[in-house]
Amino acid sequence: MTTDLTTTKRPFRFGDITKMFGGGGTSSLRQFGILGSLIVIILLFEILTLLRNGPGGATLTSGNLINVINQYSFILILAIGMVMVIIMGHIDLSVGSVAAFTGIIVAKSMTDWHLPWPLAILLGIGVGVLVGAWQGFWVAYVGVPAFIVTLAGMLFFRGANQWIGNSQTVPVPKEFQIIGNGYLPEVALPLPFNVPTMILALLGVAWLVFWEIRTRRVQHKMGSESAPVWVSVTKVVLLSVVVLAAGWMFATGRPGTSFPVPGLILLALVIIYSFVTSNTVFGRHIYAVGGNRQAARLSGVKDRWVDFFVMMNMSVLASLAGMIFVARSQASGPGDGNGWELDAIASVFIGGAAVAGGIGTVIGSIVGGLVMAFLNNGLQLLGQGADVVSMIKGGVLLLAVGIDVWNKQQGRPSLIGFLMRRSARQVDPATETFRPNQTYQAPPVDKTSGK
């Protein structure tokens, strides 16, 4: 059996370059508009801050990258749960209020009830489970639209936050603040960088190599066309350079800083939820129900249970995001969580989710969230006010979705469609289960018999 990196030699084709990040022969440069937008935004603000501040831009600095992760990690965590909700064809307007509600309970439990911080975190997760189960029950088993249920939840839990906390701020102990303000620890070695952060970067490079080899092996096993070896090598090298450069910047920041703990939590959640949505039966059921609820039900999918779990999962992630924000702010207040649901929803749609459901990815939503994060950050570095930031964010959201809709109306490749192409589901006739990484094809028509 040949190795997964062995391919038949053939002349160079320009189309090979378009396979750099697509993993297949059908990808094109157009399909990377969202990731390209993120790169353009970062470079644009790096140049603008360079022109404004003199030598050295302010965007690609260690301190600024750490601030972006610390300030927007909770929004990115919300986007992970929100993409699953939107894939199901629902919407959750309550996440900001649920985060604030959990934050005040956790803060009061440590300040007034003297609960140890690890137990307070478990209490916060438990609050998220109960809130999510309550909202999931109304959506899945009573049949009330998620928009109405979560709108009611937004109002109720916002009021509950202010009622429990008497509309005052409640501080949290220093031990708890590590989940919002902590960093990877220093190692007593005479090196000019944070060792654990660089180890984390090297692990990221190892994962890139493993994933590329695995992808080629799967393509070879399925008999599908693989990109030339040089394409895979170039892709891995470029991504590895980016990962190592980012790791170096995090590892060489001001003394006492390194890769933030909120970033570690976010990274773990991205890995877990990417695996769940792409490689588990439950993940396939989410896409099946979102794509065609009736067909999924006829295939044996318990759509009510999927609805219930997705709504409950969203509240759990909202509770986690609320605790991280409270830990970073060092106190819980009545204004926590305001507008978070809008940023999370915008991140998901910019990242490629479809309004009608059935389409979306965790990675795409994270990229969309980073677009919003660096947009906010860059405008703030340029001294723009909240009014300008809000207007530009609204324009970017409308433009991102509008271009995709226009492309589909013109019969052109859809950015959203590409982001889901590798996660497309089809029914396997042999097992009657949903299979990932394939596009459904109708059986050939026998023209001689008319069948």
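Conventions we followed
- Within any chain, residue numbers begin from 1 and follow the written order of that chain's sequence.
- Restriction of local features to residues with pLDDT of at least 70 applies here, the model being predicted, together with a cutoff of 80 or more for giving and counting side-chain atom pairs; totals for whole chains, interfaces and linings are based on all residues.
- For the side-chain quantities, the full set of heavy atoms in the structure was used; hydrogens and water were omitted.
- For this analysis, a salt bridge means a side-chain nitrogen from Lys or Arg found within 4 Å of a carboxyl oxygen belonging to Asp or Glu.
- Relative accessibility under 20% of the residue-type maximum defines a buried residue, over 50% an exposed one, and the middle range a partly exposed one, all with a 1.4 Å probe and only protein chains included.
- The numbering of helices and of strands both runs from the N terminus, where a helix is a DSSP run of H or I of at least 4 residues and a strand a run of E of at least 2.
- Given a helix with a known number of residues, its expected span is that number minus one, times 1.5 Å.
- Definition of a polar contact: a pair of N or O atoms within 3.5 Å, with one able to donate and the other able to accept a hydrogen when the atoms are protein atoms, and with sequence-neighbouring residues admitted only if both atoms are side-chain atoms.
- Contacts are assigned to residue pairs that have any heavy atoms within 4.5 Å of one another.
- Within this scheme, the nonpolar core is defined by two criteria: the residues are buried Ala, Val, Leu, Ile, Met, Phe, Trp, Tyr or Cys, and they are joined through side-chain atoms within 4.5 Å.
- In this analysis, axes come from line fits to C-alpha atoms, helices being fitted only over the stretch in contact, and the angle between any two N-to-C directions falls in the range 0 to 180 degrees.
- For classification, angles of less than 35 degrees are called roughly parallel, those exceeding 145 degrees roughly antiparallel, those between 65 and 115 degrees roughly perpendicular, and all remaining angles oblique.
- Side-chain classes follow a simple rule in which Ala, Val, Leu, Ile, Met, Phe, Trp, Tyr, Cys and Pro form the nonpolar group, Asp, Glu, Lys and Arg form the charged group, and the remainder, Gly included, forms the polar group.
- Each crossing is labelled by how the near helix is turned from the far one, with a counterclockwise turn of less than a right angle marking it left-handed and a clockwise turn marking it right-handed.
- Every residue carries a pLDDT, the predictor's confidence in it, which falls somewhere between 0 and 100.

With respect to the pattern of salt bridges
Once the charged atoms of two side chains with opposite charge are near each other, the side chains can pair.
No. 1: Tallying each qualifying case throughout the model produces six salt bridges.
No. 2: Across the salt bridge formed by Lys-108 and Asp-112, the nearest N and O atoms sit 2.9 Å from each other.
No. 3: Using a relative accessible area of 17% as the deciding quantity, one classes Lys-108 as buried.
No. 4: When its relative accessible area of 39% is taken as the criterion, Asp-112 is described as partly exposed.

Brief notes about helix α14 (residues 362–381)
No. 1: For α14, which comprises 20 residues, the first-to-last C-alpha distance of 28 Å matches the rise-based estimate of 28 Å (1.5 Å per residue) to within 8%.
No. 2: Counting buried positions over the 20 residues of α14 gives 16, a clear majority of the element.
No. 3: Sitting at the amino-terminal end of α14 is Thr-361, which places a side-chain oxygen 2.9 Å from the backbone nitrogen of Gly-364.
No. 4: The first or second residue beyond α14 is Gly-383, which carries a positive phi of 80 degrees.

So, the side chain of Asp-303
No. 1: Along the chain, the position of Asp-303 falls in helix α12 (residues 303–329).
No. 2: Looking at Asp-303, the relative accessible area reads 7%, which means it is buried.
No. 3: Within the structure, the side chain of Asp-303 is placed 2.7 Å from the side chain of Arg-297, a separation counted as a polar contact.
No. 4: Setting aside chain neighbours within four positions, we find Asp-303 in contact with Val-289, Arg-293 and Arg-297.

Considering the environment of Thr-197
No. 1: Mapped onto the secondary structure, Thr-197 falls in helix α7 (residues 195–222).
No. 2: With a relative accessible area of 2%, Thr-197 lands in the buried category.
No. 3: Engagement of the side chain of Thr-197 in a polar contact is seen with the side chain of Asn-194, the distance being 2.7 Å.

Some thoughts on the nonpolar core
No. 1: Membership of the largest hydrophobic core comes to 70 residues, with the highest contact counts inside it found for Leu-78, Ile-80, Met-82, Ile-86, Phe-176, Ile-286 and Val-310.
No. 2: For Ile-86, the residues in contact, after removing those within four places along its chain, are Ile-91, Ile-345, Val-348, Phe-349, Ala-353, Ala-354, Gly-357 and Gly-358.
No. 3: Of all hydrophobic cores here, the second largest spans 24 residues; its members include Leu-38, Ile-66, Val-68 and Phe-374.

Description of the packing of helix α10 (residues 281–291) against α12
No. 1: Between α10 and α12, the least distance of the axes is 10 Å, while the angle of their chain directions is 105 degrees. By the angle class used here, α10 and α12 are roughly perpendicular. Residues Phe-282, His-285, Ile-286 and Val-289 of α10 lie in contact with α12, whose contacting residues are Asp-303, Trp-305, Val-306, Phe-309 and Val-310.
No. 2: Residue classes in the contact of α10 with α12 are distributed as seven nonpolar, one polar and one charged.

Regarding the packing of helix α9 (residues 261–279) against α12
No. 1: Closest axis-to-axis distance for the α9/α12 pair is 11 Å, and the angle between their directions is 165 degrees. Regarding the angle of α9 to α12, the classification is roughly antiparallel. Handedness of the crossing formed by α9 with α12: left-handed. Contacts between α9 and α12 pair Pro-262, Ile-265, Leu-269 and Tyr-273 from the former with Asn-313, Leu-317, Leu-320 and Ile-324 from the latter.
No. 2: Of the residues assigned to the contact of α9 with α12, the class counts are seven nonpolar, one polar and no charged.

Side note on the environment of Phe-156
No. 1: Note on placement: Phe-156 falls in helix α5 (residues 146–164).
No. 2: Accessibility expressed as a relative area gives 55% for Phe-156, which makes it exposed.
No. 3: Put simply, Phe-156 and Phe-101 are 55 residues apart on the chain and 9.6 Å apart in space, counted from C-alpha to C-alpha.

Let's talk about the confidence of the model for the chain
No. 1: On average, residues of the chain score 83 in pLDDT, and 82% of them are at 70 or above.
No. 2: Looking over the chain, one finds the lowest element-wise mean pLDDT in strand β3 (residues 426–427), namely 40, and the highest in helix α4 (residues 117–142), namely 96.
No. 3: Scored below 50 in pLDDT, residues 1–8 shows twelve contacts in the model against residues more than four places distant or in partner chains.
No. 4: With pLDDT under 50 throughout, residues 413–451 is counted as low confidence; its partners more than four residues away or in other chains account for 71 contacts.

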